[in-house]
Amino acid sequence: MEKKKIDWENLGFSYIPTDKRYVANFKDGKWDDGALITDANIVMNECAGVLQYAQTIFEGLKAYTTEDGHIVAFRPDLNAERLVNSAKRLEMPPFPAERFVDAVVQVVKANAAYVPPYGSGATLYIRPYMFGINPVIGVKPADEYQFRIFTTPVGPYFKGGVKPLTICVSDFDRAAPHGTGHIKAGLNYAMSLHAIVTAHANGFDENMYLDSATRTKVEETGGANFIFITKDNKVVTPHSDTILPSITRRSLLYVAEHYLGLEVEERDVYLEEVKEFAECGLCGTAAVISPVGKVVDHGKEICFPSGMEKMGPTIQKLYDTLTGIQMGHIEAPEGWIKVIE
Ligand code: PLP
Ligand code: COI
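Predicted model only: the values in this text are computed from it and were never measured.

Colleague: Explain the nonpolar core to me, and be specific about the residues and the numbers.
Modeller: Core analysis: the biggest nonpolar cluster contains 36 residues, and Phe100, Val108 and Phe147 have the highest contact counts within it. Elements with a contribution of two residues or more to this core: strand S1 (21–27), strand S5 (61–65), strand S6 (71–74), helix H2 (76–89), helix H3 (97–110), strand S7 (123–132) and strand S8 (145–154). Per element, the largest residue contribution to this core is 7 residues, and it comes from H3. Setting aside residues up to four positions removed in sequence, Phe147 forms contacts with Tyr22, Val23, Ala24, Trp31, Leu83, Phe95, Phe100, Ala103, Pro128, Tyr129 and Met130. If you look at the next biggest cluster of nonpolar residues, it comprises 22 residues, including Phe158, Leu165, Met208 and Ala224.

Written as structure tokens, this is what we have:
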């Protein structure tokens, strides 16, 4: 298979349509067989549930070319499981987890020419999503849904690649107690748009959201979880019911403990203690691990000793180990790598 002529090394994080997408429809109480199609556009009724009441959820994962030339996906079973949880919370019919993984395999195979080559620094981003498609005018769940997956080749999420970021403590809240912060619903991202535009206008790369109940604890950013490294080299991540359970973060905790022999703690992290940490990073599928050099809390600067030039040493080790597992030059824990072809 011949690869597309794309400048892989200079890709940013933006949408480039690929040849095929996967579509399945839920109607009369059941999912149809699903199929790969070529049309990237969706025609729907003006009153579709997704358009009126934002009944939509999504996932994000990546396909990689390994050192020995295979195409693999990283832990797609966990994305399948999280989409099921998101669907239940928004009263949508879950897309069966085993069919999810099969659909990911189908759509990546069909777009293999767009999977960036090993060593290019780019990957194929996979975006599964589903939404209410029939007309809904009273506030209630739709009866009909569409599940789709498209793919798009991407480079780094943040401009500047792995240059440390400057983030600000946001005055806006991302998620309410007992709300939807723990699921991947489009509505969580819609309400973060004003906050991210404001952060960018003020010269920051991202927001640090605090818990909305007390505004004393670190939650996450708009699209990634936090990891911190203490001065005595422990890995600490916020524990909260209102953040997205990041697959990258869960994987990193395992890597820290079992590959690097580090102590890990998942616990409340207070804004007050952030100045005590030695390193900070954002982790997620899109963000991979993006180092944070500075947090600005209403004019008060917290500068991590790791500085603004490069990743701190422990975050670098975590990054190298995780990406090494994803690219196939470090042996993965059982079940983490789904070989596609
Ligand atoms: N937090 C939010 C709000 C996200 O959108 C994402 C991205 O998926 C993450 C965290 C990271 O999750 P994952 O590592 O599963 O991609
Ligand atoms: C991902 O990391 O896959 C996400 O969905 C985050 C989004 C901000 C791009």
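Colleague: Lay out the site of ligand 1 in plain terms, naming residues and giving numbers.
Modeller: Every one of the 16 residues lining ligand 1 counts as a neighbour, but Tyr189, Glu220, Ser246, Thr248 and Thr285 are closest to it. The contact in question runs from an oxygen atom of ligand 1 to an N or O atom on the backbone of Ile247, over 2.8 Å. At 2.6 Å from an oxygen atom of ligand 1 is found a side-chain nitrogen or oxygen belonging to Thr285. Burial of ligand 1 by the surrounding chains reaches 97%, relative to a free accessible area of 380 Å².

Colleague: Can you lay out the site of ligand 2 for me, pointing to particular residues and giving the numbers?
Modeller: Taken together, Phe13, Phe58, Gly60, Tyr125, Arg127, Tyr157, Lys184, Gly223, Thr285 and Ala286 form the complete shell of residues around ligand 2. Tyr125 places a side-chain nitrogen or oxygen 2.6 Å from an oxygen atom of ligand 2. A distance of 2.8 Å is found between an oxygen atom of ligand 2 and a backbone nitrogen or oxygen belonging to Ala286. When isolated, ligand 2 has an accessible area of 280 Å², and the protein chains bury 89% of it. Partitioning the shell around ligand 2 into residue classes produces 5 nonpolar, 3 polar and 2 charged.

Colleague: How would you summarise the pattern of salt bridges if you had to cite specific residues and measurements?
Modeller: Where charged atoms from two side chains of opposite charge approach closely, those side chains can pair. In the structure shown here, the tally under the stated rule is 14 salt bridges. Put simply, Asp19 and Lys4 hold a salt bridge, and the shortest N to O gap is 3.7 Å. One end of the pair, Asp19, is in the segment before S1; the other, Lys4, is in the segment before S1, with 15 residues separating them in the sequence. Among the residues examined, Asp19 registers a relative accessible area of 34% and is labelled partly exposed. The partner of Lys234 in a salt bridge is Glu265, with the nearest N and O atoms 3.6 Å apart. Here Lys234 is found in the loop between strand S11 (225–229) and strand S12 (235–238), whereas its partner Glu265 is found in strand S13 (residues 264–267), with 31 residues between them in sequence.

Procedures and definitions
- Residues numbered from 1 in each chain as written.
- Chains lettered and ligands numbered in written order.
- Predicted model: local features only at pLDDT ≥ 70, side-chain atom pairs only at ≥ 80, totals over all residues.
- Heavy atoms only, no water.
- Core = buried A, V, L, I, M, F, W, Y, C linked by side-chain atoms within 4.5 Å.
- Buried < 20%, exposed > 50% of the residue type's maximum accessible area, 1.4 Å probe, protein only.
- Helix = DSSP H or I, 4+ residues; strand = E, 2+ residues; numbered from the N terminus.
- Contact = heavy atoms within 4.5 Å.
- Near = heavy atom within 4 Å.
- Polar contact = N/O pair within 3.5 Å; in protein donor to acceptor, adjacent residues only side chain to side chain.
- Areas by Shrake-Rupley, 256 points an atom, 1.4 Å probe, with all protein chains shown as cover.
- Nonpolar A, V, L, I, M, F, W, Y, C, P; charged D, E, K, R; others polar.
- Salt bridge = Lys/Arg side-chain N within 4 Å of Asp/Glu carboxyl O.

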